[in-house]
Amino acid sequence: MTGWIVLLALAALVAGAAWVRLAPVDPARWHADLGAPGFSPDGGVFVCLAPDQQAGDPAGTLARLEVIARATPRTEQIAGSVGEGHVTWMTRSRLVGFPDFTTAQILPDRGLCLFARQRFGSYDWGVNAKRLEDWQAALLAAEGSG
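A brief look at the structure comes next. Every chain begins its residue count from 1, and numbering advances along the sequence as written. Local features in this predicted model are restricted to residues of pLDDT 70 or higher, and side-chain atom pairs are both shown and tallied only at a pLDDT of 80 or more, whereas totals for entire chains, interfaces and linings draw on every residue. Each side-chain value is derived from all of the structure's non-hydrogen atoms; neither hydrogens nor water enter the calculation.

## Things to note about unusual backbone geometry
Here's step 1: Of note, Arg 74 is a non-glycine position whose phi angle comes to about 60°, a positive value.
Here's step 2: Here's how the labels work: a residue is buried when its accessible area is under 20% of the maximum for its type, exposed when over 50%, partly exposed in between, all with a 1.4 Å probe on protein chains only. Note on Arg 74: relative accessible area 41%, which makes it partly exposed.
Here's step 3: If you check the backbone angles, Trp 125 has positive phi at about 60° while not being a glycine.
Here's step 4: When you line up the elements, Trp 125 lands in the loop between β5 (111–118) and α4 (127–145).
Here's step 5: Under the relative-accessibility criterion, Trp 125 is labelled exposed at 72%. Where helices and strands are cited, they refer to DSSP runs of H or I of at least four residues and of E of at least two residues respectively, numbered from the N terminus.

## Let's talk about a nonpolar patch on the surface
Here's step 1: Together, Leu 10, Leu 13 and Val 14 give the surface a local cluster of nonpolar side chains, amounting to about 310 Å² of exposed area.
Here's step 2: Along the polypeptide, Val 14 turns up in helix α1 (residues 2–22).
Here's step 3: The class for Val 14 is exposed, based on a relative accessible area of 52%. Like-charged residues are merged into a patch within 9 Å and nonpolar side chains (Val, Leu, Ile, Met, Phe, Trp, Tyr) within 5 Å, provided each residue has over 30% relative accessible area and no salt bridge. Computed with a 1.4 Å probe, the accessible areas rest on the Shrake-Rupley method; for each residue, only the protein chains presented here act as cover. Salt bridges are identified by distance alone: a Lys or Arg side-chain nitrogen within 4 Å of an Asp or Glu carboxyl oxygen.

## Points about the pattern of salt bridges
Here's step 1: Following the criterion strictly, the structure yields three salt bridges and no others.
Here's step 2: We note a salt bridge from Glu 66 to Arg 70, for which the minimum N-O separation is 3.0 Å. Separated by four residues within a single helix, Glu 66 and Arg 70 lie in helix α3 (residues 58–71), roughly one turn from each other.
Here's step 3: Since its relative accessible area comes to 56%, Arg 70 is described here as exposed.
Here's step 4: A salt bridge links Arg 131 to Asp 100; its shortest N-O distance comes to 3.3 Å. Here the residue Arg 131 occupies a position in helix α4, and Asp 100 occupies one in strand β4 (residues 99–107), the gap between them amounting to 31 residues. For the pair shown, Arg 131 and Asp 100 are each scored as buried.

## Details of the packing of aromatic side chains
Here's step 1: Note on aromatic contacts: the rings of Phe and Tyr and the six-membered ring of Trp form a pair at centre separations within 6.5 Å, being stacked when their planes are under 30 degrees apart, edge-to-face when over 60 apart, and tilted otherwise. Summed over all chains, the structure comprises four aromatic pairs.
Here's step 2: For the ring pair Phe 39 and Phe 115, a centre distance of 5.2 Å and an interplane angle of 85° mean the geometry is edge-to-face. Here the residue Phe 39 occupies a position in the loop between α2 (27–30) and β1 (44–48), and Phe 115 occupies one in strand β5, the gap between them amounting to 76 residues.
Here's step 3: Accessibility expressed as a relative area gives 25% for Phe 39, which makes it partly exposed.
Here's step 4: Overall, the relative accessible area of 6% leaves Phe 115 in the buried class.
Here's step 5: An angle of 85° between the planes, with centres 5.5 Å apart, marks the rings of Trp 89 and Trp 135 as edge-to-face. Highlighted residues: Trp 89 in strand β3 (residues 86–92) and Trp 135 in helix α4, separated in sequence by 46 residues.

Structural data, given as structure tokens:
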């Protein structure tokens, strides 16, 4: 009897992991308009870059951020473009493949803003904040070397 319970628990774990990896992603749902009336960053990490991180214009900073995002392991662009001034990427965790989404958008009154959040669960163990910190550090390093 105990063997069956363990087997069923293992099967449920495998099925859950498969769902996380294979669940369809609707880009329209995750490509948030950060400047829309009523937008709320609840459930995520929201930051607008400091002026020293936007050396030049926000569009140039977004172009540099795109290079950084593409170099981030397990990250792919799912919506938008640098030309639109609005891009969303999906980054998956290494082991299970949990999808997290990061949207970057140029807002007229604030410059380049970023919003990172997880798809599953209510707590992300700080990985979204860490990704934004890493990307901001890489932007500063790129500015310093350019």
